[in-house]
Amino acid sequence: MGWKMNEAVETVQAQAAGKLYLAGEYAVVEPGHPAILVAVNRTLTTQVTGRAAGEGSQEQPVDAQRGRIESEGHPEASMSWHREDGKLTPDTQLGEPSYLLAAAQSVEELAVERGLALRSYDIAVSSQLDSGSGKKYGLGSSAAVAVATVRALLDWYGLQLSPLETYKLAYLATGRAQSLGSGGDLAASLFGGCIRFCSPDRSWVRAQVGSSSLSQLITQPWPGLQIHRLDAFGPDSLLHLFVGWTGSPASTPSLVASVKQGSADGKSQSYERFLAASDACVDALAQSLEAGQPGAIGEHVAQARSLLRGLSALTDTDIETPALRTLVESALIRGAAAKSSGAGGGDCGIAIVCDKQPQSRAIGQMSAIAAAWSRAGIEPLPLTVGPPLAALEPWGVGCAATAQEEE
Ligand SMILES: Nc1ncnc2c1ncn2[C@@H]1O[C@H](COP(=O)(O)OP(=O)(O)OP(=O)(O)O)[C@@H](O)[C@H]1O
Ligand SMILES: C[C@@](O)(CCOP(=O)(O)O)CC(=O)O
């Protein structure tokens, strides 16, 4: 992030990373249940540029302010805006709720609470998370657009929030556009690297929204929410993440809704068993990732896969599609740990390979997996785990007692 001065037109920009789930999918939607996520080394950038003199200039009174929001490849989220009663409002009604708009409106609401004058500006979003030719990879583009836009506009208005407060603001913003996800995607996108994440109690958060200001809400502890850094996939790590794309996009909200519905009807005991087993599996995997133990990593990734297959059968939801199964099995027979990533139903699968020594056998193993995937119509994506982007407490001994946000 930074300021560029250009004849009184100010520009500020912020980036957010794409994400992938390694384990704990679906369980993490329930408050307090953990998942492991990584940020990838591809980002989305939001740029905010002040309007020069003329119509909609930032010097004009609030109600005369105007701007344009443009996201490359996303006409549904691009719009011209004006103000109604001070609120940033699209000139024409949008066909669907917009994460980008919700992010901008949330930061402005905070700015007003903190007594700042609203200004007018244009927003431009560019992304490395879609292919540009309409391909959707499942790298968390909606979370990244929310995080990058919140960060850029906070900077634009000179509002200084901690990373955790910024996370909460992005979570509240996305809740205005969609209300089913865990918020793990936002955490990976904002904090970068590899994290262990437990979702906040969404109904508690929702109940606070009416009665607390944004300022109060983002500074309060949130029950259930835990975000810790995992020391895995760093520059000296022997672990490598490998990602394949099945070529078919999936709708996370409808898969999550299907699992919710399927786990409700008289199946609560089996679902509770799934949650408990997932918690144990995620924490065992977190430990083995931090310790860099290939055998244990393989065992726990296999267990996470098998738990998802059980959930799939329990709830009649197609999580590991035939293409994902091919992706996983062709990585397994080449010695990697592998499973679907995220909600499944398409999108991406992951494989983890481990060098015996730095740069030893993994390169050959990875090219064998890439070749097998390509032959099977799976596209290997040239991704690695991205660097940490904001400071976080490490996970580890005693972490349950130091959970950041338990009341
Ligand atoms: N670059 C972007 N700019 C503006 N809006 C975006 C952008 N990317 C995604 N969105 C919005 O987010 C919503 C969901 O997008 P999409 O299904 O592609 O991704 P996603 O939620 O990130 O899914 P996944 O987590 O599987 O990647 C859509 O309404 C879309 O308009
Ligand atoms: C199924 C779920 O646990 C993971 C979804 O991951 P993805 O967006 O499909 O990569 C949902 C969530 O955590 O919001």
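Every value quoted in this text rests on a predicted model; they were computed, and no experiment measured them.

Draft legend 1. Molecular detail of unusual backbone geometry. For Tyr 26, which is not a glycine, the phi torsion comes out positive at approximately 70 degrees. When you line up the elements, Tyr 26 lands in the loop between strand 2 (9-23) and strand 3 (34-50). The phi dihedral of Asp 85 falls on the positive side, at around 50 degrees, and the residue is not glycine. You can see Asp 85 is positioned in the loop between strand 5 (79-84) and strand 6 (87-90). Of the residues examined, Asp 85 reaches a relative accessible area of 83% and is grouped as exposed.

Draft legend 2. Local environment of the sheet that holds strand 10 (residues 239-245). As summarised here, the arrangement of the four strands in space is 11-12-10-13, forming an open sheet in which the pairing is antiparallel. The strands lining the two open edges of the sheet, one partner per strand, are strand 11 (337-340) and strand 13 (379-381). Averaged over neighbouring strand pairs, the angle between their axes works out to 25 degrees when direction is ignored. Looking at chain direction, strand 11 and strand 12 (residues 348-354) are connected through four bridges and run antiparallel. Looking at strand 12, one finds that Ala 337 is bridged to Ile 352. Sheet strands in contact with helix 10 (residues 322-332) are strand 10, strand 11 and strand 12, and its direction is about 175 degrees off that of strand 11.

Draft legend 3. Summary view of the pairing of strand 8 (residues 194-198). Most of strand 8 sits out of view: five of its five residues are buried. Relative to strand 8, strand 3 runs antiparallel, the two sharing five bridges. Considered in strand 8, the bridge of Leu 37 is made with Ile 195. Bridge count for strand 8 against strand 9 (residues 226-229) is four bridges, and the pairing is antiparallel. Note on strand 9: the bridge partner recorded for Arg 196 is His 228.

Draft legend 4. Quick look at the environment of Pro 163. Within the fold, Pro 163 resides in helix 3 (residues 163-177). With relative accessibility at 33%, the residue Pro 163 sits in the partly exposed group. For the pair Pro 163 and Ala 390, spaced 227 residues apart in sequence, the C-alpha separation works out to 6.6 Å. With residues up to four places along the chain from it excluded, the contact list for Pro 163 reads Leu 190, Phe 191 and Ala 390.

Draft legend 5. A look at the site of ligand 2. Taken together, Lys 19, Tyr 21, Glu 25, Tyr 26, Val 28, Val 29, Gly 181, Ser 182, Thr 252, Val 256, Gly 342 and Ala 343 make up the full set of residues adjacent to ligand 2. Lys 19 is positioned such that a nitrogen or oxygen atom in its side chain is 3.0 Å from an oxygen atom of ligand 2. Between ligand 2 and the protein, one listed contact pairs an oxygen atom with a side-chain N or O atom of Tyr 21 at 2.7 Å. When the free accessible area of ligand 2 is taken as 380 Å², the share hidden by the protein chains comes to 92%. Mapped by element, the contributors of at least two residues to the shell around ligand 2 are strand 2 and helix 7 (252-264). Split into classes, the residues belonging to the shell around ligand 2 amount to six nonpolar, four polar and two charged.

Draft legend 6. Fine view of the packing of helix 2 (residues 141-156) against helix 3. At a minimum axis distance of 9 Å, the contact between helix 2 and helix 3 shows a crossing angle of 120 degrees. In terms of axis orientation, helix 2 runs oblique to helix 3. Viewed along their axes, helix 2 and helix 3 form a crossing whose handedness is right-handed. Across the interface between the two elements, Ala 146, Val 147, Val 150, Arg 151 and Leu 154 from helix 2 touch Thr 166, Leu 169, Ala 170 and Thr 174 from helix 3. Among the residues forming the contact of helix 2 with helix 3, the class breakdown is six nonpolar, two polar and one charged.

Cut-offs used in this document
Residues numbered from 1 in each chain as written. Chains lettered and ligands numbered in written order. Predicted model: local features only at pLDDT ≥ 70, side-chain atom pairs only at ≥ 80, totals over all residues. Heavy atoms only, no water. Helix = DSSP H or I, 4+ residues; strand = E, 2+ residues; numbered from the N terminus. Buried < 20%, exposed > 50% of the residue type's maximum accessible area, 1.4 Å probe, protein only. Pairing = 2+ DSSP bridges. Axes fitted to C-alpha atoms, helices over the stretch in contact; angles between N-to-C directions. Contact = heavy atoms within 4.5 Å. Near = heavy atom within 4 Å. Polar contact = N/O pair within 3.5 Å; in protein donor to acceptor, adjacent residues only side chain to side chain. Areas by Shrake-Rupley, 256 points an atom, 1.4 Å probe, with all protein chains shown as cover. Nonpolar A, V, L, I, M, F, W, Y, C, P; charged D, E, K, R; others polar. Parallel < 35°, antiparallel > 145°, perpendicular 65-115°, else oblique. Left-handed = near helix turned anticlockwise from the far one by under 90°.

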